[in-house]
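So you can see what is in the structure, the chains are spelled out below.
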Amino acid sequence: MSGSEGEKKSGYQGWDVKEACNYLRVHGIDDFMKLNRDENLPEINLPDQQVSDLEELGVSTDGEQSKPAKVFNDPIHGNIEMDPLLVRIIDTPQFQRLRNIKQLGGTYFVYPGASHNRFEHSIGVGYLAGQLVKTLNERQPKLDINNRDILCVQIAGLCHDLGHGPFSHVFDNQFIPHFQKGNKWKHENASLDMFDHLINSNGLWDELKKHGLVLPQDVVFIKELIKSPTCNGEWPYKGRPKEKGFLYDIVANKTNGIDVDKWDYFTRDSYHLGMKNNFDSARLLKFARVCKVGEVMHICFRDKEVGNLYDMFNTRYILHWRAYQHRVVKIVELMIKEALVLADPYIEIIGTGEKIYKMSTAIEDMVAYTKLTDNILQQILNSSKPQLQEAQKILNNILHRKLYKFIGQIRPEAEAIIQPEDFDKLAGKVAAVEPSSSVDVKFTANDFIVNVVLLDYGMKEKDPIEKVWFYSKTDPDKAIKIPKDQVPQLITERFSEQLIQVYCKRTDKPSLEAAQKHFEQWCSNRNFTDSKDDDEGTAASNP
């Protein structure tokens, strides 16, 4: 394969070993050309190389890539196959940790079937990510999707939730903000740190190389798929160019919210909650296609699938309304948060170098964070430390169904919604009102919990379909928008609403009667209408 002395042949006959190995590794053209151009690679005669030389260049000779895929029997997607590299990632302590983190947090205390964990959801997302990118590759070979692209997308889908803490969103939406007010930390931040820790602590760099992921931008690409960098108007990504921008739509789509993460959890959560799901993700996958939108390639959908997409966003709304934001679920989660906050100073977690961390600081060290799961509740309940008695009392009240009492729920009209800067003041305002009929009970802000919930289609008050590009049967390569007159007429014109849920921590009858009067007077003062909801869709009685 080497050329004559002083002359380099064109095409594959002129390849040196590095070029040939890279081609064998990735089965693509674009990146090995860049690698050869950017690095001054020596001329090496391929026929002269030994097995050890090839292994040093990253080409597996031990049969690693010929290992068969592992089959997982999933209740949602059936028998699914996982590449050996993905199985190697799954079989690490950092990924196995997800077995002990409930997908729906406190929802399990209301819906007995909602016992599934982040572990199976992550496997489902990794599988769907692979299905979508492989389908696009088969349907549109000119996209130049190579094996490296496919593996990176699958790994990102698999690892996107590595950073979740105890009871999922209870940790990053309630617990951490209590200690770090104004801090924008989210579980995605920890997912990036945990991914690095997973690779380094398990010696997986060689595994990545054996499967072709040898270029620095591959790991950058995986991380960008998990958490998008801030966009300043220019192309924000370093992992892949604009020509492959559609790959960023697959795992965590920041443009319109249509991604395989939602496809899995909409279906999986509906299944375990016992709710019907009208959204058909398998059909949507079959009608996905890449078209050029401006200077960037994006995933588009067949125009006739607009109704299916509205079903998808409506499924999101229904799941939040009937399950995730259910008034009993929310008070259970708020009580869990209170218990964790009380216990935080007295829980010790050993991290790197034997350093001791608290729950609230474990996010700074992935060795410590790996040990932090839902099991922390049992650790608190079974502890003999007298300092944990207050936290234990709250958790035992949850187990005995002695929850804070629901007083009422309001749905303000669009013009009367409460702004975020006022959320923390609401409990004090409910306590401070003077009911028209006198009461003998005096309240403080600490006696009430006012929880404000936003229900929407994923983009606040906007219609997400306006951000979606479609294509037609007659011109499948042209991205188009769906005119309003072609949208189903029964689709709502309002895409968000606010719920205000009020609870009282006191449970004696006189206090509850007085709390009800305070709530009603507060509603009257703000021209709100009390809208107590029934327990439709829940397996729990009114606490």
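As the structure is a computational prediction, the values presented were derived from the model and not from experiment. (Residues numbered from 1 in each chain as written. Predicted model: local features only at pLDDT ≥ 70, side-chain atom pairs only at ≥ 80, totals over all residues. Heavy atoms only, no water.)

Caption draft 1: Structural detail: the sheet that holds strand β10 (residues 496-504). The sheet built from three strands is open, its strands ordered β7-β10-β8 with antiparallel pairing. Every interior strand has two partners, whereas the edge strands, β7 (405-410) and β8 (448-456), have only one. Going across the sheet, the axis of each strand differs from the next one's by a mean of 20°, ignoring polarity. Pairing of β7 with β10, which is carried by five bridges, proceeds in the antiparallel orientation. In the sheet register, Lys-405 faces β10, and the bridge partner there is Cys-504. Helix α14 (residues 306-324) rests against β8 and β10 of the sheet, and its axis sits at about 165° to β8. Sheet strands touched by helix α20 (residues 509-525): β7, β8 and β10. Its angle to β7, the strand with the most contacts, is close to 15°. (Pairing = 2+ DSSP bridges. Helix = DSSP H or I, 4+ residues; strand = E, 2+ residues; numbered from the N terminus. Axes fitted to C-alpha atoms, helices over the stretch in contact; angles between N-to-C directions. Contact = heavy atoms within 4.5 Å.)

Caption draft 2: Geometry of the sheet that holds strand β3 (residues 288-293). With mixed pairing, the three strands of this open sheet are ordered in space as β3-β4-β9. Only two strands of the sheet have a single neighbouring strand rather than two, namely β3 and β9 (470-471). Both strand β4 (residues 296-302) and β9 contribute to a ladder of two bridges, which runs parallel. Note that in β9 the partner of Phe-301 across the bridge is Phe-470.

Caption draft 3: Expanded view of the packing of aromatic side chains. For the coordinates displayed, the defined rule picks out 17 aromatic pairs. Ring centres of Phe-95 and Phe-119 lie 5.5 Å apart, and the angle between their planes is 65°; on these two criteria the pair is classed as edge-to-face. Here Phe-95 is found in helix α5 (residues 93-96), whereas its partner Phe-119 is found in helix α6 (residues 118-139), with 24 residues between them in sequence. On the basis of relative accessibility, which here comes to 8%, the residue Phe-119 falls in the buried class. Ring geometry for Trp-235 and Tyr-248: centres 6.1 Å apart, planes at 75°, overall edge-to-face. Note that Trp-235 is positioned in the loop between α11 (216-226) and α12 (260-273) and Tyr-248 in the loop between α11 and α12, a separation of 13 residues in sequence. (Phe/Tyr/Trp six-rings, centres within 6.5 Å; stacked < 30°, edge-to-face > 60°. Buried < 20%, exposed > 50% of the residue type's maximum accessible area, 1.4 Å probe, protein only.)

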